[in-house]
Structure formats: C-alpha cells, structure tokens
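Given next are the chains, with one letter for each unit.
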Amino acid sequence: MTMTAPNRPDARSRSGIHIATIVHDGRIWGVHLEFDDDPKRPEVYLARLRFDAANPTDSEEAPRTTVIIIEETFEDAISRARDFDDHQLEGLLRSALSG
C-alpha cells in the first residue's frame, strides 16, 4: 500500500483541474492540469497540461504535454499552471498536437 501526501490528487483520476479556456484554429479548448505520481520523488508535485476540444471528433484523443510542472506543493503547481498566458498555452497546444 502506498501513501500519498495530503491534498495529493489521485494520479489515476484524469479529470484534471481546469486552468483556462483558449481558442486555437477556430476551436475552443479547455486546459486542464493532470498530476503524475513519481514513487522516487513523493515530495514533489509533477503535472502536465491536457487540452480538451469543446467539439472532439470520435477518434480524437486529448493532446497532452509531457510533465512540465514540478513544484513542492499542490497549490504552487496550480499557481504555476495558471501563470501561463493564452499565447503560451496555445504554443503548448500546437506542440502537443504536432507530437
């Protein structure tokens, strides 16, 4: 049985925390923060961004970044994600779509 830190979201839950809503190529995208567990580093909060299209096609999967946020607290991770402006988020989405 593994123990998780207080306030640590369950990494298996993929609902994520809504960070922003952006528009890219005429489509609306919800940006969510997803946390990842690293058993070797349980004291840090690792997170990636997931982009959900408002009108996804049947075969379309939500593009994701790699882990780009590494913080010491849950709150710091959320704050760091919310620091991205729309232009930066759109760039991350473009990169995730091309990968």
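Numbers given for residues are sequential positions, taken from 1 along each chain in its written order. Predicted model: local features are reported for residues with pLDDT of at least 70 only, side-chain atom pairs are reported and counted for 80 or more only, and whole-chain, interface and lining totals are derived from all residues. Calculation of side-chain values draws on the structure's entire complement of heavy atoms; hydrogens and water are dropped beforehand.

Observations concerning the packing of aromatic side chains
Here is step 1: Think of it this way: a Phe, Tyr or Trp ring, Trp meaning its six-membered ring, pairs with another when their centres are within 6.5 Å, and the plane angle makes it stacked under 30 degrees, edge-to-face over 60, tilted otherwise. Per the counting criterion, the structure on display carries three aromatic pairs.
Here is step 2: Each residue in the set F35, Y45 and F74 is aromatic and connected to the rest through ring pairs, giving one cluster.

Observations regarding the nonpolar core
Here is step 1: Counting 19 residues, the largest nonpolar core has I22, V31, L33, F35, L49 and F51 as the members making the most contacts within it.
Here is step 2: Those elements that provide at least two residues to this core are strand 1 (17-24), strand 2 (27-36), strand 3 (45-53), helix 1 (74-82) and helix 2 (86-98).
Here is step 3: Note on conventions: DSSP H or I runs of at least 4 residues are helices, E runs of at least 2 residues are strands, and numbering of each starts at the N terminus. Among the elements that line this core, the one with the most residues is strand 3, at five residues.
Here is step 4: Other than its neighbours up to four places away in sequence, F51 contacts I22, W29, G30, V31, A62, P63, T65, L89, L92 and L93. Within this scheme, the nonpolar core is defined by two criteria: the residues are buried Ala, Val, Leu, Ile, Met, Phe, Trp, Tyr or Cys, and they are joined through side-chain atoms within 4.5 Å. Burial classes: relative accessible area under 20% of the type maximum marks a residue as buried, over 50% as exposed, and values in between as partly exposed (1.4 Å probe, protein chains only). The contact criterion used is simple: two residues touch if any of their non-hydrogen atoms lie within 4.5 Å.

What to know about helix 1
Here is step 1: Those residues of helix 1 not exposed but buried are F74, A77, I78 and A81. For helix 1, the arc enclosing every buried residue in end-on projection is 95°, short of the 170-degree limit, so these residues lie on one face. For this quantity, the arc is that covered by the directions from the helix axis to the C-beta atoms.

Some remarks on the pairing of strand 3
Here is step 1: Of all nine residues in strand 3, eight are buried; the element is thus mostly enclosed.
Here is step 2: For two strands to be treated as a pair, DSSP must find at least two bridges joining them. Taken together, the eight bridges between strand 2 and strand 3 define a ladder with antiparallel strand orientation. Directly across from F35, in strand 3, lies its bridge partner A47.
Here is step 3: Two elements, strand 3 and strand 4 (residues 69-71), share three bridges in a ladder whose sense is antiparallel. Bridge assignment links Y45 to a residue of strand 4, and that residue is E71.

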